[in-house]
Amino acid sequence: MSVSASAENLSSDNQSSGDGGNMCLELALEGERLCKAGDCRAGVAFFQAAIQAGTDDLRTLSAIYSQLGNAYFYLGDYVKAMQYHKHDLTLARTMGDKLGEAKSSGNLGNTLKVMGKFDEAMICCKRHLEISRELKDKLSEGRALYNLGNVYHAKGKHIGRVGQQDPGEFPEDVRSCLEQAVKYYEENLELMRELNERAAQGRACGNLGNTYYLLGNFKQAIHYHEERLKIAREFGDKAAERRANSNLGNSHIFLGEFEAAADHYKRTLVLAQELGDRAVEAQSCYSLGNTYTLLRDYPVAVEYHLRHLIIAQQLMDRVGEGRACWSLGNAHSAMGNHEKALYFASKHLEISKELGDPMGQATAQMNVADLRKVLGLPTSDLSPDSLEVVSSLGDQTSPALHRYRLTPDSKQRADTLPPDLEAVAGAQNLTHANSAAAADAKGEHLDDEESFFDLLSRFQSKRMDDQRCSLTIAENKENTNSLPNSNHNNNAAASIKPIMPLNNNNAANSKTPSNALQDDLLDLIAGMQSKRMDEQRVALPHLPGLHPPAQSQVLQRLSVAGLGGDGSTTPDDTFLEMLMRCQGSRLEDQRSSLPGDMDPDTDQRPSTRGPTVPDEDFFSLIMRLQSGRMEDQRATVPAQSHENRLSGASKTASRKDKKK
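Being a predicted model, the structure only gives us computed values, none of them experimental. (Residues numbered from 1 in each chain as written. Predicted model: local features only at pLDDT ≥ 70, side-chain atom pairs only at ≥ 80, totals over all residues. Heavy atoms only, no water.)

Draft legend 1. Molecular detail of the overall build of the protein. Within the protein one finds 28 helices and zero strands. The proportion of buried residues among the 660 residues of the protein is 39%. Intrachain contacts of the protein at a sequence separation of at least 6 include 64% that bridge at least 24 residues. (Helix = DSSP H or I, 4+ residues; strand = E, 2+ residues; numbered from the N terminus. Buried < 20%, exposed > 50% of the residue type's maximum accessible area, 1.4 Å probe, protein only. Contact = heavy atoms within 4.5 Å.)

Draft legend 2. Representation of the packing of helix α5 (residues 78–95) against helix α6 (residues 98–114). For the pair α5 and α6, interaxial distance at closest approach is 9 Å and the crossing angle is 160°. By the angle between their axes, α5 is roughly antiparallel relative to α6. When you trace α5 past α6, the crossing you get is left-handed. Residues Y78, A81, M82, H85, K86, D88, L89, A92 and R93 of α5 lie in contact with α6, whose contacting residues are G100, E101, S104, S105, N107, L108, T111, L112 and V114. Considering only residue class, the contact of α5 with α6 consists of eight nonpolar, six polar and four charged. (Axes fitted to C-alpha atoms, helices over the stretch in contact; angles between N-to-C directions. Parallel < 35°, antiparallel > 145°, perpendicular 65-115°, else oblique. Left-handed = near helix turned anticlockwise from the far one by under 90°. Nonpolar A, V, L, I, M, F, W, Y, C, P; charged D, E, K, R; others polar.)

Draft legend 3. A look at the UniProt feature "repeat: TPR" (unreviewed entry) in the protein. The residues that UniProt annotates with the feature "repeat: TPR" (unreviewed entry) are residues 62–95. Counting secondary structure, residues 62–95 comes out at 94% helix and 0% strand; the distance between its end C-alpha atoms is 10 Å. (UniProt positions renumbered as here; feature names shortened; annotations may be inferred.)

Draft legend 4. Region of interest: the pattern of salt bridges. Inspection of every chain in the model, using the stated rule, returns 17 salt bridges. Ionic pairing is found between E130 and R127, a salt bridge with its closest N-O pair at 3.1 Å. Of this pair, E130 and R127 both sit in helix α7 (residues 118–134), three residues apart, which is roughly one turn of that helix. One salt bridge in this structure joins K347 and E350, with 3.8 Å as the shortest N-O distance. (Salt bridge = Lys/Arg side-chain N within 4 Å of Asp/Glu carboxyl O.)

Draft legend 5. Structural view of the packing of helix α8 (residues 138–160) against helix α9 (residues 172–195). It is at 8 Å that the axes of α8 and α9 come closest, and there the two elements cross at 160°. It follows from the interaxial angle that α8 and α9 lie roughly antiparallel. With respect to the hand of their crossing, α8 and α9 are arranged in left-handed fashion.

The structure is reproduced here in structure tokens:
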């Protein structure tokens, strides 16, 4: 609900709110105007001032909470956005406003999704969908379906980021999330077609194309992206048209249709230049360079990679510079320009050291060593970090070490295979390697299964000891004369005070010393556990900006709303299911993690993305297509004389002339 709409309700229904309510409304209206003008930060200041003024009108306050939550969301302060959307949800339920509850649930779900709390976001979005269907509000139902698709899509991408899989090669849990996203997006698209909402149809088609791309169904992805492109052109939306062309290029790449991909990337480049987006312009040049590398048109690839390098330097994107230098070195090496390839490999090595990227550093040093050997120069040894990376890979050829193609002499033999067949062959090699790795992993799992419970009990033992009750007086919150902290290091026997019966002077007391000791022990445990119990108590909601008399009315309404239809306080199955799902994340947080060299929640690897590097750069695809030919093309070249190098260069030039 907007503040202006609630202002109309207030003026017609409630004329006795006083000066404070009028001041609150005026400030909120100004905040709404500023947010619509794009100045969300100033709008937040006015909304906060409106809350300080306070009001008795629940609808006005609900509108302020909703607008304030949206403003904080756009400012990137998701914790505060979630807080105010929760306040809005509380008021909507208090007033029995079903439509308001649906909207606030949707807003809360979107915020939780961005925060990475996908399971809780699903609960809120499903509640939004349920209420919308109860009210038969098709437009609200469409938004709920779209939001649910976004949550499942984001969860699938989040889980899939753990590995380095290509589209279509994700594990089953990721595929399940993406398939759920497809289900909700398709329902949304069907509903939007019924309502003839073309703009919403375009958004649904774009998301369906992206999801099918991740599932590896590239033909279906192309179908939806082409529909998205058509709708974007209808509305003159160049940003959406640019995204659709880029996505179409990515899908054609994985089908081996490199020429079609190049056409879409060129259109993406033109649109990026029209929009003045330098980062996207660099991404388009990078994608075009990679595409022409796959087409083996290396001079054109070098041209686009140089454009990418220049923009990356202007935007100070060191990750992008590193990728550009590697790509330029690879292209020059394939053309036989080993001196230029050595220059760019050295630059790649320098940037990898600066970024702290051990894998990139090992790759660059191996390429530098190979190139120096070809040129007859003394080879430099690998650094200790690079040696550790290489030794950890064993004798296996790792796709992570991107060594250059050094001898283009066998290019004619490799040219006999069409690009699409090479892609299929590379994919089959990768599948066999993955199958062998999976078999080895299964054997290791069976060997380690017997020691699992021993490992689990060892790591749980410390937590179990932490939960035991200690009889030290220093830890007894009931004892006002607690020992100072300096006594905590004393002998444990000295810090334990014998527990005596509390009523030892009462002759009529029939309790034996052992019973009194047991009672005192229970009292001590209860006193020490009381703090933990208090921490688990639920706090009553506090709604900022609501005057105290109205606060008590809201709490009373909430308590009445908590009763069932027959007056029973027993929660229904839906509530219990929602409670268990919300508590699931807290239960997972309390589980102990297996030991490792690094915290699993902290990614200590350097970032492999930069503003000039697209998310879908099909970098691994290039290496896969080249990996089958690398060893065939690698030669142990003796130290050449200067004359031999010149003759080799002249032969390369003559081959270029014949090609032209």
